[in-house]
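# Tertiary structure, described
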Amino acid sequence: MRSIKYLVPLLTLLLAACATTDVAVRSGTSAGNHAEQLASDGELDAAAQEFLALADGSNGADSAHYRLRAAEVLRETGDLDAAAQAIEAIRRKRLSGDEPLRLDLIDAEVALKRGDAQRASALLAASEESIPPGLRVRVLELRARAAAASGDRFAAARIRAQLDSELGGHDRDTNREQIIETLGALDDASLKARAGSLRPDDSLLPWIEQALRLRGQTLPREVPRPQRPVGTLIPDSSNGMQREGFNEVRQVAVILPLSGQVAGVSQSILDGFFAAYFSDDSGARPLLRTYDAGKTPQDAIAAYQQAVADGAGFVVGPLLREAVGELFRQSLPVRVLALNHPDTGEVPPAGSAEFGLLPDAEGAQAAERMLDLGILQAAIIAADTDWAERATRAFRAQFEARGGTISGEARVREGEFNYRTAILQAAQKIADVSAPEGTGRIAQPGTGIFISMRPQQARLLLPQLKLGGINAPVFATSHVNSGEVNPSLDRDLDGVEFCDATWLFSPVPGRPDRNEISRDLSSASGLGARLFAFGMDAYALLPFMDWLLAHPDTYLDGASGQLAVDSFGRIHRLLAWARFSDGVARPSQGALSPLTVP
């Protein structure tokens, strides 16, 4: 017996199953029933021969039906030549129901094998409303193959992106690999140009982003500009008042890694989550349960499944990128607020969202801030780390997309103390070179410096910039801020402006006061303060998630920034801006309301 094997490498078992969807056995024919049973049992060669024998012994519609079934079974064996021979004698007008479309699918597949993409496309041009649900996946997959064979890779990728929501499990993973492979054959310029022409909610956009990310490239980000806060008090049906967008959540599960290298990170997030929970005065606090997400994606999935079995109505977590990506590939009966963004480009299932502290977002917002202040030429000096690299790529993409120019770029390594080479490489072009070194020359108008590094490195860099006579304004990611008030160390950072969580500098309505709670919880101060704010926001988002997903013009005033959700379920943080003065980070003038920036 020949094994069930479909030679085209995508959707092997799924497409074989779809080929026999809605097949009607001719009534009153025990031989027809027997042939179908052989096919169901995997006896494909025997089934095909029996269908052909039935076709030869029948007339009219019965003969056409059995020949089509023989061709479909032969296709499942991978013998498309035999399938093509089987359909040659079919008279199309004798077919009924979905049989004409099934005939076209076999014919289109044969055409693709023979290199005739144009004929395949013509055969697959059925209107969307005329395609039975059981054949939709196969139609889309063949259309994608036909588009790729004709050289239209964007069309092929778009069809596969549409197909993604129809699939699950291994078939979905294989289709996603095909999307990236299809886009990967295009050059960077073509991908960026197409991305720039798409709407922000286009389903193809995340896949182009992923294809570029695999090459170390980044697209400029669409920074949300929502105008309406959620939670505004409005009259309800009983003449009382209710918060607009509020939807009570009754039971919440938090799944975080509670041991291992990131246990400390998880604890800071949990502390913030519970701080927000106990300060919630809505009168509708949910039942909370925590689960250990373990060390592997499989551990996190098991924790999710246990939370669902325990009755959770919303799951917060997991934290590790690999676990988030793997969870998003599952069928999720309960919605999720993931606490990171997957590297593999998956978007959250409908009703779920992803939320994270992304260096990419900080780099892009630093570019927006500098450009809005009239800075059109920038130098980049960053740490030699993955997070700094991501922030830098996002900064460059955003800055150049809006008309800015990068004058130079350099990296500084951990343990390095002399930054002269990096400064010359990155920032010398923005200085007024007419004045000799060390004489206090100033930067050229409209120039600035972007840095992404830890405070220890920035405290070394800033004096060396001044010593080199480069007095350009400096903008940074949140990494430059230690989270502690230490004027004796941070006076070297005076003038540096950076984006960070609002709660670190200013009270946020509905959140505990940082100065008070940090006396009791060490995780609310220092580097953990951002994670603490992040945890508070994860709790605050839950009752408003449905509203935010449905109303992209709204935002939640969060501790980690103003929070808005895009059409893909990705939560964006619009950050506050602060500046070091006398060694203390203070809110920048007018910069704590990022939504007011035009």
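Structure: see above.
Residues numbered from 1 in each chain as written. Predicted model: local features only at pLDDT ≥ 70, side-chain atom pairs only at ≥ 80, totals over all residues. Heavy atoms only, no water.

## Focus on the packing of aromatic side chains
Aromatic ring pairs are reported here in terms of the distance separating the ring centres and the angle at which the planes meet. As a reminder, the rule being used: For Phe, Tyr and Trp, rings pair up if their centres lie within 6.5 Å, where Trp contributes its six-membered ring, and each pair is then called stacked (planes under 30 degrees apart), edge-to-face (over 60) or tilted (otherwise). Secondary structure elements are defined from DSSP: runs of H or I of at least 4 residues count as helices, runs of E of at least 2 residues count as strands, and each element is numbered from the N terminus. Throughout this description, buried means an accessible area under 20% of the type-specific maximum (1.4 Å probe, protein chains only), exposed means over 50%, and partly exposed covers the range between. Only Lys NZ and Arg CZ are tested; either one counts as a charge over a ring when it is within 6 Å of the ring centre and within 35 degrees of the ring normal.
Throughout the structure, instances matching the rule amount to 15 aromatic pairs. Here Phe-355 and Phe-534 contribute two aromatic rings whose centre-to-centre distance is 4.6 Å and whose plane-to-plane angle is 45°, an arrangement assigned as tilted. Within this pair, whereas Phe-355 is found in the loop between strand 8 (353-354) and helix 16 (359-372), its partner Phe-534 is found in helix 22 (residues 528-541), the two being separated by 179 residues in sequence. Look at Phe-355 and you get buried, because its relative accessible area is 0%. Centre to centre, the rings of Phe-395 and Phe-399 are 5.2 Å apart; their planes meet at 15°, and the pair counts as stacked. In this pair, Phe-395 and Phe-399 are both assigned in helix 17 (residues 386-401), 4 residues apart and thus about one turn of the helix distant. With relative accessibility at 0%, the residue Phe-395 sits in the buried group. Among the aromatic residues, those joined into a cluster by ring pairs are Phe-273, Phe-274, Tyr-277, Phe-278 and Tyr-539. A cation over a ring is seen here: Arg-194 above Phe-154, with NZ or CZ 4.0 Å from the ring centre.

## Observations regarding the pairing of strand 9 (residues 377-383)
Stated formally: Paired strands, in this sense, are two strands between which DSSP finds at least two bridges.
Across the 7 residues that make up strand 9, a large majority, 6, are buried. Where strand 9 and strand 11 (residues 447-452) come together, 6 bridges link them in parallel fashion. Across the sheet, Ala-382 pairs through a bridge with Ser-452, a residue of strand 11. Where strand 9 meets strand 10 (residues 405-412), 7 bridges bridge the pair, whose relative direction is parallel. Looking across to strand 10, one finds that Ile-381 is bridged to Ala-410.

## Quick notes on the sheet that holds strand 15 (residues 562-565)
Spatial ordering of the open sheet is given by 1-14-15-16, a layout of 4 strands whose pairing is mixed. If you trace the sheet from one side to the other, it starts and ends with strand 1 (228-229) and strand 16 (571-574), each paired once. Pairing geometry for strand 1 and strand 14 (residues 554-557), over 2 bridges, is parallel. Looking at strand 14, one finds that Arg-228 is bridged to Thr-554.

## Things to note about the nonpolar core
The nonpolar side chains of a soluble globular protein tend to be buried, and buried together. The condition that has to hold: Among buried residues, those of type Ala, Val, Leu, Ile, Met, Phe, Trp, Tyr and Cys that are joined through side-chain atoms within 4.5 Å constitute a nonpolar core.
One finds Ile-449, Ile-451 and Trp-503 to be the most contacted residues of the largest nonpolar core, which totals 76 residues. With 10 residues, the single largest contributor to this core is helix 22.

As far as function goes, none of this settles anything; it's purely spatial.
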